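Read off the chains here:
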Amino acid sequence: QQYQQQQREQEQQQREEVVVPEAGQEQRKQAKVGLVKRQSIVDLGTLDKRTRAVVAILDSLNNSVEDMKVVDKLILSPLKLMMGTVNQAIDQQNFNRLFGKLSTVRSMDERLLQDLDARFVSADPIIGDVIVKYVPFFKLYLDYIEDHESLMADLKKQRKGKLAEYLTNVEAHPDCHKTLEEFLTVPTKRLDILEKQIADLLAATSKSHKDFANLTQALETLKKTSADIKKNMSDRKNLAIIRQIESQFMTNPKFSKPGRFILREGPLIKKSRDMNGKDREYHFYLFSDLLAYASKSGWKMKLHQKVEINRSFSVRILPNVMTGQTDSKGKPIVEHRFLVCSAVKSFVLVANDDQHRAGWVRALE
């Protein structure tokens, strides 16, 4: 947990150090010219395939920026003005938590769009180097995306009373074409959309074109950034699941570990080593690199053993054993056994049936 906290603090510090560059006066002039040129396009069919791909990128980014402007004008700015009045629908703390990061993402999108519009002045727009320049700033999306799911859950809880009434009225406005939740989801899709659009532009760009190398670099970096975001999201979800499991124990079993995730859990019978001993049912937890089992102790679980899954770990199906006993319906009881071996401990487990055993063995292999 301490390691993960340090990692998150380091990543957060790196994001806070990211400052999106301001456009110069001449660049702003060029952007206005490019914007007018883009907005004057009547028929995309008159453009060559490569220019159409560039227009698709600019139009998509422009739509995102316009969505954020609608959110600010119709929803967020009025909410701020209502603070401290009898009509207050949300306090400052909750407002900052829910919407604080949106302005940073919007600012980056606006500046990226401005820089790209400035290149649209050319008959053959070169934009690969612009995308490459902005790739480091896409880390700003990471922080937004990582918190999006929890923020949406918080917003759902907040959507009551005056805030619910306010949002219902605002979302009925003809210029408000999405719900607030839909607007807030827009930035989470930006990188995936941009990655696909850069791929389309690269496909329409010849290898001899001076934009090809930068577009190739931009696409590779975008893919890596998207993969990093998805991995971080997956790691956070796995950590949340493992911590929820840890909360079920009398004392912390210390299952949390960077990169670890849960594969399977459930009850199995552990055979006693002693011929006259008593077999016992435990609750087993199978993680990506660890097998643990515990028993119920009051309202909590008590950890009995943790077995690392490494090179010395193995699992093998054993023949079924007829116990000579019958169940309540008179049906013969069969033990569906399998063997778990490790450098620390080895034991025989019994599943409910062949299918149940096969599922555990597949997961353990």
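Refer to the preceding data block for the structure.
Residues numbered from 1 in each chain as written. Predicted model: local features only at pLDDT ≥ 70, side-chain atom pairs only at ≥ 80, totals over all residues. Heavy atoms only, no water.

Caption draft 1: Local environment of the overall build of the protein. In terms of regular secondary structure, the protein is built from eleven helices and eight strands. Relative to the globule expectation of 21 Å for 365 residues, the C-alpha radius of gyration of the protein, 29 Å, shows a markedly less compact shape. The buried share of the protein, reckoned over its 365 residues, is 41%. For the protein, long-range pairs separated by at least 24 residues make up 62% of all intrachain contacts whose partners lie at least 6 apart in sequence. Carbon and sulfur atoms make up 51% of the accessible area of the protein, which amounts to about 20,700 Å² in all. Seen as two clouds, the 59 positive and the 48 negative side-chain charges of the protein have centres 5 Å apart. (Helix = DSSP H or I, 4+ residues; strand = E, 2+ residues; numbered from the N terminus. Rg over C-alpha atoms; globule rule 2.2 N^0.38 Å. Buried < 20%, exposed > 50% of the residue type's maximum accessible area, 1.4 Å probe, protein only. Contact = heavy atoms within 4.5 Å. Areas by Shrake-Rupley, 256 points an atom, 1.4 Å probe, with all protein chains shown as cover. Lys, Arg positive; Asp, Glu negative; His and termini not counted. Charge placed at Lys NZ, Arg CZ, Asp CG, Glu CD.)

Caption draft 2: Spotlight on the environment of L202. Residue placement: L202 occurs in helix α9 (residues 180-203). In this structure, the C-alpha to C-alpha distance between L202 and L167, residues 35 residues apart in sequence, is 42 Å. Those residues in contact with L202 that lie beyond four places of it in its chain are F212, L215, T216 and L219.

Caption draft 3: Just the pairing of strand β4 (residues 300-308), in detail. In terms of strand pairing, strand β3 (residues 290-297) meets β4 through eight bridges, oriented antiparallel. Residue pairing in the sheet places K296 in a bridge with M301 of β4. In this structure, the hairpin formed by β3 and β4 is closed by a connection of two residues, where G298 is found at a positive phi of approximately 70°. (Pairing = 2+ DSSP bridges.)

Caption draft 4: Up close: the side chain of K270. Assignment of secondary structure puts K270 in strand β1 (residues 262-270). In this structure K270 is buried but unpaired, with D279 as the nearest side chain of opposite charge at 8.4 Å. Apart from residues lying up to four places away in sequence, K270 is in contact with D279, R280, Y282, Y293, K345, F347, V348 and L349. (Salt bridge = Lys/Arg side-chain N within 4 Å of Asp/Glu carboxyl O.)

Caption draft 5: Focus on the environment of K160. Within the secondary structure, K160 sits in the loop between α7 (139-158) and α8 (161-171). The spatial distance from the C-alpha of K160 to the C-alpha of A89 is 9.2 Å, given a sequence separation of 71 residues.

Caption draft 6: Representation of unusual backbone geometry within the structure. In the Ramachandran plot, K254 falls in the positive-phi region, its phi being about 55° despite a non-glycine side chain. Along the chain, K254 falls in the loop between α10 (212-246) and β1.

Caption draft 7: Examining the pairing of strand β2 (residues 280-287) more closely. When β1 meets β2, the two strands line up antiparallel, connected through eight bridges. Counted as the bridge partner of K270 is R280 from β2. Two strands pair when backbone bridges link them, and β2 and β3 are joined in this way by four bridges, in the antiparallel orientation. Bridge pairing in β3 places H283 opposite A294. Between β2 and β3, which pair antiparallel and follow one another directly, the connecting turn spans two residues.

Caption draft 8: Region of interest: the packing of helix α3 (residues 49-82) against α9. The contact between α3 and α9 brings their axes to 10 Å, and the two run at 170°. Viewed along their axes, α3 and α9 adopt a mutual orientation that is roughly antiparallel. Tallied by class, the residues present in the contact of α3 with α9 amount to 17 nonpolar, three polar and three charged. (Axes fitted to C-alpha atoms, helices over the stretch in contact; angles between N-to-C directions. Parallel < 35°, antiparallel > 145°, perpendicular 65-115°, else oblique. Nonpolar A, V, L, I, M, F, W, Y, C, P; charged D, E, K, R; others polar.)

Caption draft 9: Region of the structure containing the pattern of salt bridges. In the structure shown here, the tally under the stated rule is 23 salt bridges. Among the ionic pairs, R97 bridges to D154, the shortest N-O distance being 3.2 Å. With R97 in helix α4 (residues 92-99) and D154 in helix α7, this pair connects stretches of sequence that are 57 residues apart. Between E171 and R159 there is a salt bridge; the shortest N-O distance is 2.5 Å. Here E171 is found in helix α8, whereas its partner R159 is found in the loop between α7 and α8, with twelve residues between them in sequence. Ionic contacts of the salt-bridge type, sharing partners, join the residues K271, D279, E335 and R337 into one network.

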